[in-house]
Amino acid sequence: MKIVLLGPPGSGKGTQAHLICEKYNLPHISTGDIFRANIANQTELGKKAKEYMDQGALVPDELTISIVVDRLNQPDCKKGFVFDGFPRNLAQAKELDKMVELDKAIMIYLDDEEIINRLSKRRMCKVCGNPTHMDWLVNDKCEKCGGEVYQRDDDAPETIKARLIKQKLPQDVIDFYKEKGIYEQITSTDNKEKTFVLVDEILKKI
Ligand code: AMP
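Description of the structure in this document. Model, not experiment: these values are computed from the prediction.

Take the site of the ligand next. Surveying the vicinity of the ligand reveals 17 residues, the closest of which are Thr-31, Ala-57, Gly-85, Arg-88 and Gln-167. Surface burial for the ligand is 97%, taken as the share of its 470 Å² of free accessible area covered by protein chains. For the shell around the ligand, the element with the highest residue contribution is helix H2 (residues 31–40), accounting for 4 residues.

Spelled out as structure tokens, the structure:
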């Protein structure tokens, strides 16, 4: 199963990617997570990526594509994968197309008002990486593993607005996957399990 999840920040791509990977035992490739890990480890890549991420901008394609190539070359990707947050523009979509044949590109749609509401309440688990929500926490801890949670730097209100403007998924990416006959769209619900039922209906057809 070779899948990409498309959609605005906060649409639930990360959560759905976690659920798909759990059910189908696939590697989850989040370019955002890879950048955040590099920032935490203070690598050269992390330093470069941070400049863009702090402004709510996309990291340049050259850097992003190089981390994707490295990741796809790892043996666990042979059985399939779920991309979350890649591609974000046509150049990235075309590069990925040269490397692999995707089964589905699934857009998880959500309108802007709901995105702002969700992102401002989003929290991340320090232990299991689960993207969660203030309302889902149990005693202020991750509802899945009990780990401590934190707010991503780029989920600050000003950066959220910048990301929505600067990172709107271009229509040409959608058209690219429509032309290939692999594009599907669902609307994110406020319940992750319900949204997963919609996603899984698509996956079962592969
Ligand atoms: P995400 O966790 O997917 O929301 O990504 C967090 C940040 O990492 C984004 O706001 C971008 O700055 C950067 N990023 C993640 N994926 C990409 C990508 N495919 N292309 C460019 N920048 C990316």
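If you walk through the whole model with that rule in mind, you get 3 aromatic pairs. Look at Phe-81 and Phe-83: their rings are 5.2 Å apart centre to centre, the planes differ by 75°, and that puts the pair in the edge-to-face class. The class for Phe-83 is buried, based on a relative accessible area of 0%. Here the aromatic rings of Phe-176 and Tyr-177 are separated by 5.3 Å at their centres, their planes lie at 70°, and the arrangement is edge-to-face. Look at Phe-176 and you get buried, because its relative accessible area is 14%. The buried category is assigned to Tyr-177, whose relative accessible area is 1%. Here a set of aromatic residues connected by ring pairs shows up, and it is made of Phe-81, Phe-83 and Phe-86.

What follows deals with the nonpolar core. Counting 30 residues, the largest nonpolar core has Leu-72, Phe-83, Leu-96 and Tyr-177 as its most contacted members. Listed by contribution, the elements that provide at least two residues to this core are strand E1 (2–6), helix H3 (44–53), helix H4 (61–72), strand E3 (81–84), helix H5 (90–99), strand E4 (104–109) and helix H8 (171–180). Looking at this core, the element that brings in the most residues is H4, giving 5 residues. Ignoring anything within four residues of it in the chain, the contact list for Tyr-177 reads Val-4, Leu-6, Pro-87, Ala-93, Leu-96, Leu-102, Ala-105, Ile-182 and Tyr-183. Of all hydrophobic cores here, the second largest spans 15 residues; its members include Ile-20, Ile-106, Ile-186 and Phe-196.

With that settled, consider the environment of Cys-128. In this fold, Cys-128 is placed in the loop between strand E5 (122–125) and strand E6 (131–133). A relative accessible area of 33% places Cys-128 in the partly exposed class. Separated by 70 residues in sequence, Cys-128 and Leu-58 place their C-alpha atoms 25 Å apart.

Here the focus is the pairing of E5. On any regular strand, side chains alternate: one points to one face of the sheet, the next to the other face. Here E5 shows two buried faces, one formed by Arg-122 and Met-124 and the other by Arg-123 and Cys-125. Looking at chain direction, E5 and E6 are connected through 3 bridges and run antiparallel. Each bridged residue has a counterpart across the sheet, and for Arg-122 the counterpart in E6 is His-133. Connecting the antiparallel pair E5 and E6 is a turn made up of 5 residues, with Gly-129 showing a positive phi of about 80°. With 2 bridges joining them, E5 and strand E7 (residues 149–150) adopt antiparallel strand pairing. Residue Cys-125 lies in a different strand from E7, and its bridge partner there is Val-149.

This part is about the sheet that holds E5. Spatial ordering of the open sheet is given by E6-E5-E7, a layout of 3 strands whose pairing is antiparallel. Unpaired on one side and paired on the other, E6 and E7 mark the two borders of the sheet. Here helix H6 (residues 112–121) sits on the sheet in contact with E5 and E6, set at roughly 40° to E5.

Packed helix pairs are characterised by how far apart their axes lie and by the angle those axes make with each other. Where helix H1 (residues 13–24) meets helix H9 (residues 192–204), the closest approach of the two axes is 10 Å, and the angle between their N-to-C directions is 55°. The orientation of H1 with respect to H9, classified from their angle, is oblique. Once H1 is placed against H9, the crossing between them reads as right-handed. For the pair H1 and H9, contact is made by Thr-15, Gln-16, Leu-19, Ile-20, Lys-23 and Tyr-24 and by Lys-192, Thr-195, Phe-196, Val-199, Asp-200, Leu-203 and Lys-204, respectively. For the contact of H1 with H9, a count of residues per class yields 6 nonpolar, 3 polar and 4 charged.

Calculation rules
- Residues numbered from 1 in each chain as written.
- Predicted model: local features only at pLDDT ≥ 70, side-chain atom pairs only at ≥ 80, totals over all residues.
- Heavy atoms only, no water.
- Near = heavy atom within 4 Å.
- Areas by Shrake-Rupley, 256 points an atom, 1.4 Å probe, with all protein chains shown as cover.
- Helix = DSSP H or I, 4+ residues; strand = E, 2+ residues; numbered from the N terminus.
- Phe/Tyr/Trp six-rings, centres within 6.5 Å; stacked < 30°, edge-to-face > 60°.
- Buried < 20%, exposed > 50% of the residue type's maximum accessible area, 1.4 Å probe, protein only.
- Core = buried A, V, L, I, M, F, W, Y, C linked by side-chain atoms within 4.5 Å.
- Contact = heavy atoms within 4.5 Å.
- Pairing = 2+ DSSP bridges.
- Axes fitted to C-alpha atoms, helices over the stretch in contact; angles between N-to-C directions.
- Parallel < 35°, antiparallel > 145°, perpendicular 65-115°, else oblique.
- Left-handed = near helix turned anticlockwise from the far one by under 90°.
- Nonpolar A, V, L, I, M, F, W, Y, C, P; charged D, E, K, R; others polar.

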